[in-house]
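Architecture and fold: a report
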Amino acid sequence: MKIAVSSMGKDLNSMLDVRFGRCNYFVVYDTEGGLVKTVENRGQMSGGGAGIAAAQQIIDEDVDVVITGNMGPNAFNLFKNSDIKVYRCGSIKVETAVQLFKEGKLEELTQAGPAHAGMGMGTGRRFRGGR
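Residues numbered from 1 in each chain as written. Predicted model: local features only at pLDDT ≥ 70, side-chain atom pairs only at ≥ 80, totals over all residues. Heavy atoms only, no water.

Identification of the chain as Glycine-rich cell wall structural protein from Acetivibrio straminisolvens JCM 21531 is taken from an unreviewed UniProt entry.

Pasting the structure below:
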């Protein structure tokens, strides 16, 4: 089984990044051989669609499970349609997240978080001083 963890760094001692589409790396751990592979997230610098780009990259790695903090609806639906399970975890070491998964202590995501509007300032509502 291959487990991909959104990560701030390149190895098992790195901290899990709770951002899926904008994380720096994915640490891919193969439970059968204990092999670790680091994949730089190509979606992290996208103006939009970072989650989709990151999800496709993980699907191409033939991963069975993803561990992250948050995931938007587009990436979540890609994984759901590819039979890849997604689990939520906080900002802890990647190695600890993998161990918690193996022990069945992580929550499986059954629905996506809110969509994000890229890295720009957006056109959201602004505080208007109590009007």
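Additional details are given in the paragraphs that follow.
1. Observations concerning the nonpolar core
Among the nonpolar cores identified, the biggest contains 18 residues, and F20, F26, I58, V66, M71 and F79 are the most heavily contacted of them. Elements with a minimum of two residues in this core: β2 (25-30), α1 (50-60) and α2 (73-81). Counting residues in each nonpolar core, the second largest holds 15 residues, with V5, V94, A97 and V98 among its members. (Core = buried A, V, L, I, M, F, W, Y, C linked by side-chain atoms within 4.5 Å. Buried < 20%, exposed > 50% of the residue type's maximum accessible area, 1.4 Å probe, protein only. Helix = DSSP H or I, 4+ residues; strand = E, 2+ residues; numbered from the N terminus.)

2. Quick notes on the packing of aromatic side chains
As enumerated under the stated definition, the model contains three aromatic pairs in all. A ring pair is formed by F20 and F26, whose centres lie 5.3 Å apart and whose planes are at 50°; its orientation type is tilted. Neither residue differs from the other here; F20 and F26 are each classed as buried. Taking 5.6 Å as the distance between ring centres and 80° as the angle between the ring planes, the aromatic pair formed by F20 and F79 counts as edge-to-face. (Phe/Tyr/Trp six-rings, centres within 6.5 Å; stacked < 30°, edge-to-face > 60°.)

3. Regarding the pattern of salt bridges
Under the definition given, this model contains five salt bridges. Residue D17 is joined to R19 by a salt bridge in which the shortest nitrogen-to-oxygen separation is 2.8 Å. Overall, R19 belongs to the partly exposed group, its relative accessible area being 42%. Of the charged contacts in the structure, one is a salt bridge between E107 and R88, with a shortest N-O distance of 3.5 Å. (Salt bridge = Lys/Arg side-chain N within 4 Å of Asp/Glu carboxyl O.)

4. Focus on the sheet that holds β2
For sheets, the rule is that strands pair by backbone hydrogen bonds, running either parallel or antiparallel. One open sheet holds the six strands; their spatial order is β3-β2-β1-β4-β5-β6, and the pairing between them is mixed. Taken across any chain shown, the strands that pair with only one partner, and hence form the sheet edges, are β3 (36-40) and β6 (107-108). Relative to β6, strand β5 (residues 85-88) runs antiparallel, the two being bridged by two bridges. Each residue of the ladder has a partner; that of R88, found in β6, is E107. This element, helix α3 (residues 94-102), spans β1 (2-7), β2, β4 (65-68) and β5 of the sheet and lies at about 140° to β1. (Pairing = 2+ DSSP bridges. Contact = heavy atoms within 4.5 Å. Axes fitted to C-alpha atoms, helices over the stretch in contact; angles between N-to-C directions.)

5. A closer look at unusual backbone geometry
Of note in this structure, D62 is not a glycine but carries a positive phi near 60°. Within the element layout of this structure, D62 appears in the loop between α1 and β4. Positive phi, close to 60°, is recorded for D83, a residue that is not glycine. Residue classification places D83 among the exposed residues on the basis of a relative accessible area of 70%.

6. Regarding α1
Listing the buried residues of α1 in full gives A50, A54, A55, Q57 and I58. Taken down its axis, α1 places every buried residue within 160° of arc, on the same side. Its buried side turned inward, α1 meets β1, β2, β3, β4 and α2. Of the residues one or two after α1, D62 is the one with positive phi, at around 60°. (Arc of directions from axis to C-beta.)

7. Some remarks on the packing of α1 against α2
Interhelical geometry of α1 versus α2 gives an angle of 25° and a closest axis separation of 8 Å. Classed by the angle they form, the pair α1 and α2 counts as roughly parallel. Taken as a pair, α1 and α2 cross one another with a handedness that is right-handed. Of the residues in α2, those touching α1 at G51, I52, A55, I58 and I59 are N74, A75, L78 and F79. Of the residues that constitute the contact of α1 with α2, the class distribution is seven nonpolar, two polar and no charged. (Parallel < 35°, antiparallel > 145°, perpendicular 65-115°, else oblique. Left-handed = near helix turned anticlockwise from the far one by under 90°. Nonpolar A, V, L, I, M, F, W, Y, C, P; charged D, E, K, R; others polar.)

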